[in-house]
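# Residue-level structure breakdown
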Amino acid sequence: DQQVKQNSPSLSVQEGRISILNCDYTNSMFDYFLWYKKYPAEGPTFLISISSIKDKNEDGRFTVFLNKSAKHLSLHIVPSQPGDSAVYFCAARDTGTASKLTFGTGTRLQVTL
Amino acid sequence: NAGVTQTPKFRVLKTGQSMTLLCAQDMNHEYMYWYRQDPGMGLRLIHYSVGEGTTAKGEVPDGYNVSRLKKQNFLLGLESAAPSQTSVYFCASSYGRAEQFFGPGTRLTVL
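Residues numbered from 1 in each chain as written. Chains lettered and ligands numbered in written order. Predicted model: local features only at pLDDT ≥ 70, side-chain atom pairs only at ≥ 80, totals over all residues. Heavy atoms only, no water.

A separate point is the overall build of chain A. Secondary structure assignment for chain A yields 0 helices and 11 strands. Starting at the N terminus and ending at the C terminus, chain A contains elements arranged as β-β-β-β-β-β-β-β-β-β-β. For a compact globule of 113 residues, the expected C-alpha radius of gyration is about 13 Å, and chain A comes in at 13 Å, within 12% of that figure. Seen through its principal axes, chain A has C-alpha atoms that stretch 45 × 30 × 20 Å. Considering chain A as a whole, with its 113 residues, one finds that 46% of them fall into the buried category. A fraction of 54% describes how many contacts in chain A between residues 6 or more apart in sequence connect residues 24 or more apart. Taken as a whole, chain A presents about 5500 Å² of accessible surface, with 47% of it coming from carbon and sulfur. (Helix = DSSP H or I, 4+ residues; strand = E, 2+ residues; numbered from the N terminus. Rg over C-alpha atoms; globule rule 2.2 N^0.38 Å. Buried < 20%, exposed > 50% of the residue type's maximum accessible area, 1.4 Å probe, protein only. Contact = heavy atoms within 4.5 Å. Areas by Shrake-Rupley, 256 points an atom, 1.4 Å probe, with all protein chains shown as cover.)

Below you can see the structure in the form of structure tokens.
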């Protein structure tokens, strides 16, 4: 039973364009959602997060949108840069569970020149 | 600050051998976690700890044991390695907020 799903294993976007990565979840008890970025042979690094009481959070080129009624969140990267090429993981925290995170399976983003 | 460090970076074991993976953090975090990452499966939680001397099972704990004798260290043990434990292992720590900080990973191959 996958509670956090990333249905697109890969995405290719041209440099300068917008990248949109999607994530769906099933557990209504999730109170925080996070995006992590992972380069090969490195650990995941935190990118941006959003509380379940908000619908948008922005940090520079990165914006996360949350649609609670649809149990869907998305990460927008504008403009996309070659250095953004990495695997992006969506994660969700369950309320009151030692801050444990449930991860999606990841989307590999390739930004082409 | 080194953040979260993991030892070793790579290891090859034979089936039935044992080993211990060490995770250390210098951020004074209370919470620590061990994950494994397999192709197409994202990161899955093995065990976690909410403080020195405490441990709890995560999503995939079978075949692993952990110890948190010191606040800054979290050890993951494999008593009798199996090929199914071939994976990349990540340690993470946090203050108890949502954001977790990850180490660089240990790539383990069990033959």
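Now that the structure is up, let's keep going.
With 20 residues of chain B at the contact, the number on the chain A side is 18 residues. Between chain B and chain A, a total of about 1500 Å² is buried, with carbon and sulfur atoms accounting for 65% of that surface. When the buried area of chain B at its contact with chain A is split by residue, Leu 43, Ala 98 and Phe 102 of chain B rank highest and sum to 32% of it. Our count for the chain B to chain A interface comes out at 0 salt bridges. Those elements that place two or more of their residues in the side of chain B that touches chain A are β4 (31-37) and β5 (43-49) of chain B. Tallying contributions element by element places β4 of chain B first for the side of chain B that touches chain A, with 4 residues. Residue composition of the side of chain B that touches chain A, by class: 12 nonpolar, 6 polar and 2 charged. (Buried area = accessible area lost by both parts, 1.4 Å probe. Salt bridge = Lys/Arg side-chain N within 4 Å of Asp/Glu carboxyl O. Nonpolar A, V, L, I, M, F, W, Y, C, P; charged D, E, K, R; others polar.)

Residues and elements named next belong to chain A. Taken in spatial order, the 5 strands make up an open sheet running β1-β3-β8-β7-β6, and their pairing is antiparallel. What marks the edges here is a single partner per strand, and that holds for β1 (4-5) and β6 (56-59). One ladder, built from 6 bridges, connects strand β7 (residues 62-67) with strand β8 (residues 72-77); its direction is antiparallel. In the sheet register, Phe 62 faces β8, and the bridge partner there is Ile 77. (Pairing = 2+ DSSP bridges.)

For the structure shown, the criterion picks out 7 salt bridges over all chains. Close ionic contact of Glu 30 of chain B with Lys 71 of chain B constitutes a salt bridge, the shortest N to O distance being 2.8 Å. With Glu 30 of chain B in the loop between β3 (19-25) and β4 and Lys 71 of chain B in the loop between β7 (65-67) and β8 (73-78), this pair connects stretches of sequence that are 41 residues apart. Ionic contacts of the salt-bridge type, sharing partners, join the residues Lys 37, Arg 61 and Asp 84 of chain A into one network.

All names here are of chain A. Relative to the helices and strands, Ser 74 resides in strand β8. Side chain to side chain, Ser 74 and His 76 meet in a polar contact 3.4 Å long. For Ser 74, the residues in contact, after removing those within four places along its chain, are Ile 20, Leu 21, Asn 22, Trp 35, Thr 63, Val 64 and Phe 65. (Polar contact = N/O pair within 3.5 Å; in protein donor to acceptor, adjacent residues only side chain to side chain.)

By themselves these figures say nothing about function.
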